[in-house]
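Structural overview
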Amino acid sequence: MQNIILLSLVVPVFNEQETIQIFIEKINEVFIDYVDTIKIEIVFVNDGSSDDTLDILLNMQNNVYKQHNFINIKVIDFSRNFGKEAALSAGLNNVSGDVIVPIDVDLQHPPELIIKMIEKWQEGFEVVVAKRCNRDSDSWIKKQTASMFYKLHNKISSPKIPENVTDFRLMDRKVVDILNTFTETHRFMKGLFSWVGFKTTFIDYIVPERSAGESKFNGWKLWNFALEGITSFSTIPLRIWTYVGSFFALLSFIFMFYTIIRVFVHGVDVPGYASIIALITFFGGLQLIGIGIIGEYLGRTYIESKRRPIYVIRKIYDITDDKKVD
Ligand code: UDP
Ligand code: MG
């Protein structure tokens, strides 16, 4: 007889009242055939939702535990919206499974895939990453910007993150234990996941449309997310200014010689207003970009140096504490 595997799902939710029930039903449907081998713990992290998400979660928690005792729901309630990365961290800090899978509630991460992931884990892989092989559910602009982000990120950051992976992956307990020791406040989980390494394999999947509701990530949020990714894993944007600066200093040196010699040969001529203005504005702009980038990093260093917690939990609802005994 095989050992029973405890599978922990980490599910961040932010205003997801339409999708939670569909998600839980789907989990039940997928895993009902495996009740003898897989027990499931679902850790929902309510990331400061302003709709009925929490009520629905607590209701489901009671009902599901009574109906299907192979599924146990834990609810972590944040004091406000801290963002998906913080929610994932909180989830990972509170899981007890042998294998852990962060997953979106909107079924854009198909739960069927977890069965395949577990098989790979049993073959000896410590991390099994789901890799999307289409992006049809995304708009054209999201596809293009995502692809540009990965190219840029991977050129200048180490380690590289494989293109088209998401947070959806299976991790062995020991991988999560390592992640939980990280203390940084700014968290780009995808980057951290690949930073820890371990024996990794990939499986492909097709991203379906959202089961209900709307995407919580707009353009501005994604832009900041991309900045987070790059500044967390690369200092090249900071260092590059030394080279840009040296290059232009060299150019201006050559230009200076050229001008001086010209004055000796042709005498002084006054015209040159347009080129001076052009150069001044160009270098002004360049310097501002440089300062802006230093600001990005300095700001992050400043926040990081305060050592504030990554998230604040209002309450953890764990049904096994009070109801399991009777
Ligand atoms: N989410 C969250 N906090 C946020 C934004 C999103 O916990 O501030 C959750 C959301 O509820 C969902 C997951 O992150 O479970 C993915 O979000 P979404 O589906 O909106 O993103 P997309 O798939 O469009 O990138
Ligand atoms: Mg989604």
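This section reports on the structure supplied with the text. (Residues numbered from 1 in each chain as written. Chains lettered and ligands numbered in written order. Predicted model: local features only at pLDDT ≥ 70, side-chain atom pairs only at ≥ 80, totals over all residues. Heavy atoms only, no water.)

Protein coordination of the magnesium ion (ligand 2) is provided by Asp106 (OD) and Gln108 (OE1), with donor distances spanning 1.9 to 2.0 Å. Of the two residues, aspartate 106 and glutamine 108, neither departs from the other in class, the shared state being buried. (Donors = N, O, S within 2.8 Å, 3.2 Å for Na, K, Ca; no water. Buried < 20%, exposed > 50% of the residue type's maximum accessible area, 1.4 Å probe, protein only.)

This part takes up the sheet that holds strand 4 (residues 99-102). Here we have eight strands laid out as an open sheet, ordered 7-5-6-4-1-2-3-8, and mixed in their pairing. At either end of the open sheet lies a strand with only one pairing partner, and these are strand 7 (200-205) and strand 8 (313-318). Across the sheet, the mean angle from the axis of one strand to that of its neighbour is 20°, orientation sign disregarded. Relative to strand 6 (residues 165-172), strand 4 runs antiparallel, the two sharing two bridges. Counted as the bridge partner of isoleucine 100 is methionine 171 from strand 6. Along the sheet face, helix 4 (residues 112-122) touches strand 1 (5-13), strand 2 (38-46), strand 4, strand 5 (127-132), strand 6 and strand 7 and points at about 45° away from the line of strand 6. (Pairing = 2+ DSSP bridges. Helix = DSSP H or I, 4+ residues; strand = E, 2+ residues; numbered from the N terminus. Axes fitted to C-alpha atoms, helices over the stretch in contact; angles between N-to-C directions. Contact = heavy atoms within 4.5 Å.)

Further remarks concern the site of ligand 1. Around ligand 1 sit 18 residues in total, of which Glu16, Asp47, Asp106, Ser215 and Lys216 are the nearest. Phenylalanine 14 places a main-chain nitrogen or oxygen 3.0 Å from an oxygen atom of ligand 1. Note that an oxygen atom of ligand 1 is positioned 3.2 Å from one of the side-chain N or O atoms of asparagine 81. In isolation ligand 1 exposes 530 Å². Once the protein is present, 92% of that is buried. (Near = heavy atom within 4 Å. Polar contact = N/O pair within 3.5 Å; in protein donor to acceptor, adjacent residues only side chain to side chain. Areas by Shrake-Rupley, 256 points an atom, 1.4 Å probe, with all protein chains shown as cover.)

Tallying each qualifying case throughout the model produces 10 aromatic pairs. With a centroid separation of 6.0 Å and 75° between ring planes, the pair formed by phenylalanine 23 and phenylalanine 44 is classed as edge-to-face. With phenylalanine 23 in helix 1 (residues 20-31) and phenylalanine 44 in strand 2, this residue pair connects regions lying 21 residues apart in the sequence. Judged by its relative accessible area of 0%, phenylalanine 44 falls in the buried class. Taken together through their ring pairs, the aromatic side chains of Phe247, Phe248, Phe282 and Phe283 make up a single cluster. If you follow arginine 80 out to its NZ or CZ, it ends over the ring of phenylalanine 82, 3.8 Å from the centre. Taking the ring centre of phenylalanine 125 as reference, the NZ or CZ of lysine 199 above it sits at 5.1 Å. (Phe/Tyr/Trp six-rings, centres within 6.5 Å; stacked < 30°, edge-to-face > 60°. Lys NZ or Arg CZ within 6 Å of the ring centre and 35° of its normal.)

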